[in-house]
Amino acid sequence: MPKAYLILLLAVVAETIGTTSLQASQQFSRFWPSVLVVIGYGISFYFLGLTLKYMSVGIVYAIWSGLGIVLIAIIGYIVFGQRLDWPAVIGLAMILVGILIIHLFSKTAGH
């Protein structure tokens, strides 16, 4: 895996932790989940910034946000019992297909 994608993956994981903690913080009324929100997003934006040395901002943001959306939807389903209907599942699948198209076929992705 190229270095840029590894850094971007770290940004996605940190963002996912931050967003999951945001739900767990109960509107910032719980201290430790609230701390994890700030740390998760801080780390995520740091790695997101590093990724911009190698890839264009539009591609980076599309992959970062797309993977984050899909991961958060899966975590919401498993951890928080938030149900997904078929249109939501199809939409999430389309996001993944879009990310794959960018990765596999785009010359602007900075392979």
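Everything here concerns the structure above.
Residues numbered from 1 in each chain as written. Predicted model: local features only at pLDDT ≥ 70, side-chain atom pairs only at ≥ 80, totals over all residues. Heavy atoms only, no water.

1. Some thoughts on the overall build of the protein
Phase 1: If you tally the helices and strands in the protein, you get four helices and zero strands.
Phase 2: Reading the helices (α) and strands (β) of the protein from amino to carboxyl end gives α-α-α-α.
Phase 3: Across its three principal axes, the protein shows a C-alpha extent of roughly 45 × 35 × 20 Å.
Phase 4: Taken over 111 residues, the protein has a buried fraction of 32%.
Phase 5: Of the contacts made within the protein by residues no fewer than 6 positions apart, 65% connect residues no fewer than 24 positions apart. (Helix = DSSP H or I, 4+ residues; strand = E, 2+ residues; numbered from the N terminus. Buried < 20%, exposed > 50% of the residue type's maximum accessible area, 1.4 Å probe, protein only. Contact = heavy atoms within 4.5 Å.)

2. Concerning helix 1 (residues 3–24)
Phase 1: For helix 1, built from 22 residues, the straight-helix expectation of 32 Å at 1.5 Å per residue is met to within 8% by its first-to-last C-alpha distance of 32 Å.
Phase 2: Buried within helix 1 we find Ala4, Tyr5, Ile7, Leu8, Ala11, Val12, Ala14, Glu15, Thr16, Gly18, Thr19 and Ser21.
Phase 3: Residues of helix 1 that are buried in the fold lie against helix 2 (31–51), helix 3 (57–80) and helix 4 (86–105). (Expected span 1.5 Å × (residues − 1).)

3. Quick look at the nonpolar core
Phase 1: Formed by 13 residues in total, the largest nonpolar core has its most connected members in Leu8, Leu48, Met55, Ile59, Val60, Ile63 and Trp64.
Phase 2: Among the secondary structure elements, those contributing two or more residues to this core are helix 1, helix 3 and helix 4.
Phase 3: Examining the composition of this core, we find that five residues originate from one element, helix 1, more than from any other.
Phase 4: Every residue in contact with tryptophan 64, bar those within four places of it in the chain, is listed here: Leu8, Ala11, Val12, Glu15, Ser44, Phe45 and Leu48. (Core = buried A, V, L, I, M, F, W, Y, C linked by side-chain atoms within 4.5 Å.)

4. Looking at unusual backbone geometry
Phase 1: In this structure, glutamine 27 takes a positive phi of about 60° despite not being glycine.
Phase 2: Located in the positive-phi region is phenylalanine 28, a residue other than glycine, with phi close to 65°.
Phase 3: Along the chain, phenylalanine 28 falls in the loop between helix 1 and helix 2.

5. A short note on the packing of aromatic side chains
Aromatic rings in a pair are described by how distant their centres are and how their planes are angled relative to each other.
Phase 1: Tallied over the full model, the rule gives five aromatic pairs.
Phase 2: Taken together, a centroid distance of 5.7 Å and an interplanar angle of 45° make the contact between phenylalanine 45 and tryptophan 64 tilted. Note that phenylalanine 45 is positioned in helix 2 and tryptophan 64 in helix 3, a separation of 19 residues in sequence. (Phe/Tyr/Trp six-rings, centres within 6.5 Å; stacked < 30°, edge-to-face > 60°.)

6. Brief notes about the side chain of threonine 19
Phase 1: With respect to the element layout, threonine 19 can be found in helix 1.
Phase 2: Other than its neighbours up to four places away in sequence, threonine 19 contacts Tyr41 and Ile72.

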